[in-house]
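Structural overview
Chain by chain, the residues run as shown.
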Amino acid sequence: MSTLVADTVSKRFGGVTALSNVSLELREGEIHGLIGPNGSGKTTLLNLLTGYYQVDEGDIRLDGESLARSPVQQRPRVGVARTFQKPRLLGSLSVLDNAMLGGWCETRAGFLETALALPRARREERALRDRAEELLHGVGLGYAIHRRASLLDHAEQRFLEIARGLVMRARFILLDEPAGGLTEGEIEHLASIVTALRDAGIGVLLVEHHTDFVFSVCDRVTTLNLGRMIKHATPAEVRSDPEVIRVYLGA
Amino acid sequence: MTTDRIPARMHRGPATVSAAGLALAVGLFAGTAGADTTPVKIGWLSSLTGPLSSAAVAENQGVKFAVDEINKAGGIDGRKIELITRDTAGDPTKAVNFAQQLVLSEKVDFVIGPVNSGESLATVPILARAGVPNIIIGTVDELTDPQKYPRAFRAIATNEQWIGSANDYAIKTLKRSKVAIIGDTTGYGTSSAKKAEALLADAGIKPVYSVLIDANKTDLTDEMTKARAAGADVVMPWSAATGLLARVLNARGNMQWDVPVVGHPAIMGLPIKDLLNKPEYWEQTYAAGYSSTTYGVDGKLPGPTTALMDKMRPEFGGTINFTFWWVTLGYDTVKIIEHAVKTAGSTDKAAVQKALESTQNLKGTYADYSWGPKQRNGFPDSGIVINKANTFKDGSFEAAPH
Amino acid sequence: MTTSSLPRLGTLAVGGILAVTLPFWVGDFYQLHLAALIGVYWVLISGLNLVVGYTGQLSIGHVGLLSIGSYAFAILVGRYGVDPLLTLALAGGLGGLCGFLLGLPSLRLPGFYFAMATMAFALIMAELSLAQGDLTGGGAGLPVPGFAAPFDTPTGFYWLVLLVAALITWMTWNVARLMWGRGLIALRDSEVAAAAVGVPIFRLKLTVFTFSGVTAGIGGALFASLQSYITPETFVFELGLFFFVCIIIGGRGSILGPFVGTVVLTALPEMVAPLAKLGNFFYGLLLLAVVLVVPEGIGHVIKSVMARLQKKGPEPKGLQPDIGRLAAAVRRGMRQDIQRGHAS
Amino acid sequence: MLTVLVSGLAIGALYAATGLAYNIMFSTSKVLSVTTGHICMLGGVFGAYFMLDLGLPAPVALVGAVLVGAAFGLLTEVIAIRRVLARSDEHLWLLSTLALATMVQQAVGLWWGTEPRPFPRLADQDFTAGVLDQKYWLPIAAVVAMALGLEFFYRRTMYGKVFQAVSEDAFAARARGIATDRTRALSFAIAGALGGLAGFAAGQLTFAFFALGLTLTLYGFIALAVGGLGSNVGALVGGVALGLFQTLATYLFGGEYQQTIAVGLLMVVLLVKPEGLFGSKKVRPV
């Protein structure tokens, strides 16, 4: 089974230790929740997994191979995608173009091939377009395919980022607070999407504050506090853990 | 870069005869065709704004005055002159555009200019291709060539004439042989400095110091110090950049270096005066000037100059605070065209070329001009005089001491 | 980047026919000369547009690359008698090489540093063309030969320019509408997003900058031939600024916008004399107005007006995921993934 | 040789002053303005205009030049910076300041003329003073005064502390109730005033010349990049180093490759030490 692993990683910023000896294993075909109070190091861990930060100690491994020193741009090549807390889209481009951008690593046509519109460039373009359209319809953005991304509302932007990650053919997709700012109905859609992804064999990491959502969809949940892992178990176990209740869930 | 000197004077006989014959033939032709009353269109490429605009503005006054004068007197053979002025702002790309516009759109009969050599180098081939007679007022030698540009006739002195006379003065009159050459890093400055070195080499002199300086360099004390250390006994700046020239004089004065400066005419211009630290820094400064704007021993300017100055004085509001030769040059360019059209009897381009080719000793204000079949530089060597810089009066100068 | 609609194709066809037949209906040769000049500028600007308009790298010194192409053409054809058309290609190659060498250190620098580096490059090129007098004719400059028949007449030359400009425009259009265009815009608008999808930032910048060097070199060769004589004063820094302003005013991330910008800014001072006198002040004012009022450029304004006109009926609102379709698409992707054996 | 060193020092002082003006504006806005060199140019041109054309005495002209500089600095902020910074697009300020710089240069060219014009003597001194001449020492004295004044301002005055707070973290400063917009406007006015002062002091060295602005924008920036963006000591060292380097190179090899040499210096420094000699790594926005 394929896994994306953070193995006893630590990360410091200046004098502040953001993460200390934290481990996390994301398997394919599971939804893994990552929760904790503000400042507990959730996003830092996600940034380590996706290569935006480099670990100070420990290792990041994909299927046993270390990724700790490989740059951000390498992650899509090995099938690791992510979304952002504040969606990073290209506002001047259409929804379709934004989704197709996810296929960058798959296209092989070089600059000249593209400039001369040689067959391979056009073939890749067509294939990618079909695939992106399917996925956009799949996540429910079919009606907005040709709209400018800057005209999307918040939820639409989040779903578009997911579609972009899927166009990449991610084996692991790491979602940074995907439910933030979504309505109840939209969260339900989100839940059905991530479940479908899991069923298709993708490993999904959910960094979330919305605990009801996390506990209802996740297979396993990791809880962080002050840069340390305090509990790692099934949703039911985490939910009833006194330490988790004390620092995070509240009574 | 060719340095062949073409003799300034041609043999007279055959040229005059053929000119007469031609005039006769053309006259007969014109007579049968009936009087032509279409205007003579003159395109005037002037850099009225931008760098080096001061010369162009003065020339423009001469050009306009001549056109008005001729039109008031009934035109050339009854044909009025239509002057089409284009401001190139000293930009070669604009100059090329306007040259194309003048020949292709306006279909002018003549083009005067452009003013700056850099622009002229670009426009001369274009005008040559269109076959339009072009009165050249740039000094760079490459602008004229009877084979390549058969209808480009130069009215102004060549750079070579300026530099040659200045060299002669420094070597023969001042008896100096250790020359320091200063050029600037503009196109004009570099090619002039090179030319000056070549001409000195012809006279068997190798400069003791030679340098190209950024025209906006703020302080020249270091360069002048080096020139002095190299043992120079005369400094020859070849640059049209007023600021640079003023800094040469200031550095010399501040160092209290007693050395004559002989060089480019711009060093006599009135703008220099304002840039000098002290008025006496203009002493011992000489430059190539023109006999037409040089006061004689009697304190008088040559007759034609005085006459033009008197006629034009009201236009300047009484005082003349720019070098007057620009005005005489501008004035003469139009008079040359008048002469060419009258001689040719029409504005037919080939006839005009013939007419100008056979022009000998055409009396002008700026100079007397002679061109020939193989001679495109009409300005005579004798028209150059070395002037004393600080004698500016009414845009004219006194001769340098002999 | 979306599919081109029929009216757009129609406009393109009409424009193309007008451009090709221009010599037959234009008022006089001067206007043809202007049209050729616009075409020559456009050859450079369309390449620069990928750098400035798409990638967001503010190069204000492309006049330096232009001068390299011009001098290469003048020297190779004029002095060594190399075939002009071959030299056109060589000038492009040399321009590309110089663009590559300039981009190698400077594209790693942040925005203002990069702009200053390109400006300095333009000044250095001017300095070198003066100093290397034996090669470039120094300040006196060089005469530039024309092309051989059938490109030796104003009409023939215009068609040559048109052909080259159309080819390069087509190439930049392909780049812009296909995958590379998305990557470039990602670099401009969000390097974070670009990195997240695996766009190699520096390699893209360098490739596109090198390409702009090629078009600048080719443009330079054509420019020199059109000018018929070049001196260092031909390649003033302000010309580089002019190219840059054409793009910004026309609009970033558009091809039509900068093209309109080039046409208008080249032709306007010729038509309206007082503007010519104001010169750079006018360009500065236009640039400032655009940055303050419509930072996306005039092309963008036209686009949004068109989009508003085309908008038909209310669109369905609200997300409705189609889970079956999603799962199928993802599974299909996974299968292909396994088939290609994850070859990366 | 001594003259060479002193004149290098003097022109270097002007570069350093431009670098300081860059820094002042950068600290509160994170903007490098293309108009920086033009501020100094205006100081020189207006100084000459006040004294020669209007016949005002030197101290009045100095105040006038400083005011013109300050007004232009403020104008830059109001026109080219304020509205643009409100947008998230990163490099719009480069375009707006470039546009403004182009306009100012062309306007001065049209009004004042494109030829360099003289700048009058300020102190009564004979021109034969050689290396002791005021044209060398005035810009040097001006930049020293500028640097000391800034040091005092940042360390000892309340406004200076506000500047530093905004410089370190504009967001936090705003949260603590500091009017960051006003602070930024003030910093541009101060940079303008000091730039005007420097341009005035260097007037005899540079003459009153419209094209000086762009040259100074480039060389002042090179000085700053070499010294380290954000560091005033860096600006001083970078400016003096560039001035001396340039003058010496010209002295030894001639003026043909002046710009090439200056930019070569910049490239070498950026390759070896990208943050500049005195810059801190985090300041440079890569």
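Note on numbering: residues in each chain are counted from 1, in written sequence order. For naming, the first written chain is A and the first written ligand is 1, with later ones following in the order written. Note on the predicted model: pLDDT of at least 70 is required for a residue's local features to be given, and 80 or more for side-chain atom pairs to be given and counted; whole-chain, interface and lining totals, by contrast, use all residues. Side-chain numbers come from the whole structure's heavy atoms, not from hydrogens or water.

1. What to know about the overall build of chain A
Going by this rule: Starting at the N terminus, helices and strands are each numbered in turn, a helix being any DSSP run of H or I of at least four residues and a strand any DSSP run of E of at least two. The globule rule is 2.2 Å times the number of residues to the power 0.38, and the radius of gyration it is compared with is taken over C-alpha atoms. Each residue is placed in one exposure class: buried if its accessible area under a 1.4 Å probe, protein chains only, is under 20% of its type's maximum, exposed if it is over 50%, and partly exposed if it falls in between. By the convention used here, residues are in contact when the closest approach between their heavy atoms is within 4.5 Å. Accessible surface area values rest on a Shrake-Rupley calculation with a 1.4 Å probe, where residue burial reflects the displayed protein chains alone. The charge count treats Lys and Arg as positive and Asp and Glu as negative. His and the chain ends do not count. A charge is said to be at NZ when it belongs to Lys, at CZ for Arg, at CG for Asp and at CD for Glu.
Across its full length, chain A carries 10 helices and 10 strands. Relative to its length of 251 residues, chain A is compact, with a C-alpha radius of gyration of 19 Å against a globular reference of 18 Å. For chain A, the spread of C-alpha atoms along the principal axes amounts to about 60 × 40 × 35 Å. By residue count, 62% of the 251 residues in chain A fall in the buried class. Of the contacts formed within chain A by residues at least 6 apart in sequence, a portion of 67% connects residues at least 24 apart. Accessible surface for chain A amounts to roughly 9,200 Å². Of this, 49% is attributable to carbon and sulfur atoms. Chain A carries 30 positive and 32 negative side-chain charges, and their two centres are separated by 6 Å.

2. Things to note about the interface of chain C and chain A
Quick reminder of the rule: Buried area is understood as the total, over both parts, of accessible area removed when two parts are fitted together, assessed with a 1.4 Å probe. Between Lys or Arg on one side and Asp or Glu on the other, a salt bridge is scored when a side-chain nitrogen of the former is within 4 Å of a carboxyl oxygen of the latter. N or O atoms within 3.5 Å of each other form a polar contact, as long as, within protein, one can give a hydrogen and the other can take it, and as long as residues adjacent in sequence are counted only when both atoms are side-chain atoms.
The interface of chain C with chain A comprises 55 residues on the first partner and 67 residues on the second. Summing the contributions of chain C and of chain A, the shared interface buries around 5,300 Å²; its carbon and sulfur component is 65%. Residue arginine 182 of chain C is joined to glutamate 125 of chain A by a salt bridge in which the shortest nitrogen-to-oxygen separation is 2.7 Å. Where chain C touches chain A, the interface holds 11 residue pairs in polar contact (both at pLDDT 80 or more). When residues of the side of chain C that touches chain A are traced back to their parent elements, those giving at least two are helix 7 (154-177), helix 8 (179-189), helix 9 (191-196), helix 10 (201-227) and helix 16 (323-339) of chain C. Here the element with the most residues in the side of chain C that touches chain A is helix 16 of chain C; it accounts for 11 residues.

3. Examining the interface of chain C and chain D
Selection criterion: In this count, Pro and Cys sit with the nonpolar residues alongside Ala, Val, Leu, Ile, Met, Phe, Trp and Tyr, while Asp, Glu, Lys and Arg are called charged and the others, Gly among them, polar.
On the side of chain D, 39 residues touch chain C, which itself brings 37 residues to the contact. Linking chain C with chain D are 2 residue pairs in polar contact (both at pLDDT 80 or more). Contributions of two or more residues to the side of chain C that touches chain D are made by helix 5 (111-131), helix 11 (237-250), helix 13 (273-278) and helix 14 (280-293) of chain C. Looking at the side of chain C that touches chain D, the element that brings in the most residues is helix 5 of chain C, giving 13 residues. Here the residues of the side of chain C that touches chain D sort into 28 nonpolar, 5 polar and 4 charged.

4. Thoughts on the packing of helix 11 of chain C against helix 4 (residues 92-112) of chain D
The cut-off we apply is this: Fitting a line to C-alpha atoms yields each axis, with helices limited to the stretch in contact; the angle taken between N-to-C directions then spans 0 to 180 degrees. In these notes the angle categories are as follows: under 35 degrees is roughly parallel, over 145 is roughly antiparallel, 65 to 115 is roughly perpendicular, and the rest is oblique. Handedness of a helix crossing follows the sense of rotation of the near helix relative to the far helix, less than a right angle counterclockwise being left-handed and clockwise being right-handed.
In contact at an axis separation of 13 Å, helix 11 of chain C and helix 4 of chain D are set at 130° when each is read in the N-to-C sense. In terms of axis orientation, helix 11 of chain C runs oblique to helix 4 of chain D. Relative to helix 4 of chain D, helix 11 of chain C is oriented so that their crossing is left-handed. Facing Leu241, Phe244 and Ile248 of chain C of helix 11 of chain C, the residues of helix 4 of chain D in contact are Leu95, Leu98 and Thr102 of chain D.

5. Quick word on a nonpolar patch on the surface
Note the following rule: Within the patch definition used here, like charges are joined within 9 Å and nonpolar side chains (Val, Leu, Ile, Met, Phe, Trp, Tyr) within 5 Å, considering only residues with over 30% relative accessible area and no salt bridge.
On the surface, Leu112, Leu116 and Leu118 of chain A together with Leu167, Trp170 and Trp173 of chain C cluster together into a nonpolar patch covering about 550 Å² of accessible area. Among the elements that make up the nonpolar patch, the one with the highest residue count is helix 7 of chain C (3 residues). With respect to the helices and strands, tryptophan 170 of chain C occurs in helix 7. The exposure class assigned to tryptophan 170 of chain C is partly exposed, which follows from its relative accessible area of 36%.

6. Focus: the sheet that holds strand 3 (residues 31-35) of chain A
Residue and element names in this part refer to chain A. The cut-off we apply is this: DSSP calls a pair of strands paired once it identifies at least 2 bridges connecting them.
The strand order 6-7-8-3-9-10 describes an open sheet built from 6 strands, whose pairing is mixed. Whereas interior strands pair on both sides, the edge strands pair on one side only; in this sheet they are strand 6 (80-82) and strand 10 (228-233). Across the sheet, the mean angle separating the axes of adjacent strands is 15° when strand polarity is ignored. For strand 7 (residues 172-176) and strand 8 (residues 203-207), the ladder comprises 5 bridges, and the chain directions are parallel. Its bridge partner being in strand 8, aspartate 176 is matched across the sheet by valine 207. Sitting on the sheet, helix 6 (residues 154-167) touches strand 6 and strand 7, and the angle it makes with strand 7 is about 160°.

7. Describing the confidence of the model for chain A
Applied cut-off: One confidence number per residue, pLDDT, is output by the predictor and ranges from 0 to 100.
Residues of chain A with pLDDT of at least 70 account for 100%, and the chain-wide mean is 90. By mean pLDDT, helix 10 (residues 242-249) of chain A is the weakest element of chain A at 86, and helix 3 (residues 95-101) of chain A is the strongest at 95.

8. Description of the nonpolar core
For clarity, the threshold we go by: Nonpolar cores were defined as sets of buried Ala, Val, Leu, Ile, Met, Phe, Trp, Tyr and Cys residues, with membership established by side-chain atoms within 4.5 Å. Those domain boundaries reflect an automatic or database domain assignment.
Of all hydrophobic cores here, the largest spans 393 residues; its most connected members are Leu166 of chain A, Tyr366 of chain B, Leu222 of chain C together with Leu32 of chain D. The dominant element in this core, judged by the number of residues it contributes, is helix 2 (residues 29-54) of chain C, at 17 residues. Viewed by domain, this core spans two of them, domain 1 (3-79 + 170-249) and domain 2 (91-157) of chain A, each represented by three or more residues. In this structure, leucine 166 of chain A is in contact with Arg131, Leu135, Val139, Ile173, Leu197 and Ile202 of chain A together with Leu326 and Val330 of chain C, ignoring residues within four places of it in sequence. Counting 24 residues, the second-largest nonpolar core is a separate cluster that includes Ala6, Val9, Leu67 and Leu205 of chain A.

9. Points about the sheet that holds strand 4 (residues 134-136) of chain B
Backbone hydrogen bonds hold the strands of a sheet together, and the pairing may be parallel or antiparallel. All names here are of chain B. Strand order across the open sheet formed by 5 strands is 2-1-3-4-5, with parallel pairing between neighbours. Each edge of the open sheet carries a strand with a single partner, namely strand 2 (81-87) and strand 5 (152-154). When the angles between neighbouring strand axes are averaged without regard to direction, this sheet yields 25°. The sheet contact formed by strand 1 (residues 40-46) and strand 2 spans 7 bridges and is parallel.

10. Some thoughts on the side chain of glutamate 338 of chain B
All names here are of chain B. Turning to its location among the elements, glutamate 338 is positioned in helix 11 (residues 325-344). With relative accessibility at 12%, the residue glutamate 338 sits in the buried group. Apart from residues lying up to four places away in sequence, glutamate 338 is in contact with Ile70 and Ile76.

11. A few points about the packing of aromatic side chains
Under the convention used in this document: Any pair of Phe, Tyr and Trp rings, taking the six-membered ring for Trp, is counted once the centres come within 6.5 Å. Such a pair is stacked with planes under 30 degrees apart, edge-to-face with planes over 60 apart, and tilted for the rest. We call a charge positioned over a ring when the NZ of a Lys or the CZ of an Arg lies within 6 Å of the ring centre and within 35 degrees of the ring normal.
Per the stated rule, a full pass over the model turns up 48 aromatic pairs over all chains. For the pair phenylalanine 46 of chain D and tyrosine 49 of chain D, a centre-to-centre distance of 6.1 Å together with 80° between the ring planes defines the contact as edge-to-face. Of this pair, phenylalanine 46 of chain D and tyrosine 49 of chain D both sit in helix 2 (residues 36-53), separated by 3 residues, roughly a single helical turn. Taking relative accessible area as the criterion, phenylalanine 46 of chain D reaches 19% and is therefore assigned buried. Among the aromatic residues, those joined into a ring-pair cluster are Tyr41, Tyr71, Phe223, Phe235, Phe242, Phe243, Phe282 and Tyr283 of chain C. The positively charged end of arginine 82 of chain A is found above the aromatic ring belonging to tyrosine 52 of chain A, 5.0 Å away from the centroid. Taking NZ or CZ as reference, arginine 117 of chain D lies 3.8 Å from the ring centre of tryptophan 112 of chain D, over its face.

12. Points about unusual backbone geometry
In this structure, proline 114 of chain B follows glycine 113 of chain B across a cis peptide bond, with omega equal to 0°. With respect to the helices, strands and loops of the structure, proline 114 of chain B is situated in the loop between strand 3 (110-112) and helix 4 (117-130). A cis amide bond, omega 10°, links alanine 149 of chain C with the succeeding residue proline 150 of chain C. Relative to the helices and strands, proline 150 of chain C resides in the loop between strand 1 (142-143) and helix 7. We note that threonine 8 of chain A has phi near 35°; this positive angle belongs to a residue other than glycine. Positive phi values are uncommon outside glycine, yet lysine 30 of chain D reaches one of about 60°. Residue classification places lysine 30 of chain D among the partly exposed positions, given a relative accessible area of 42%.

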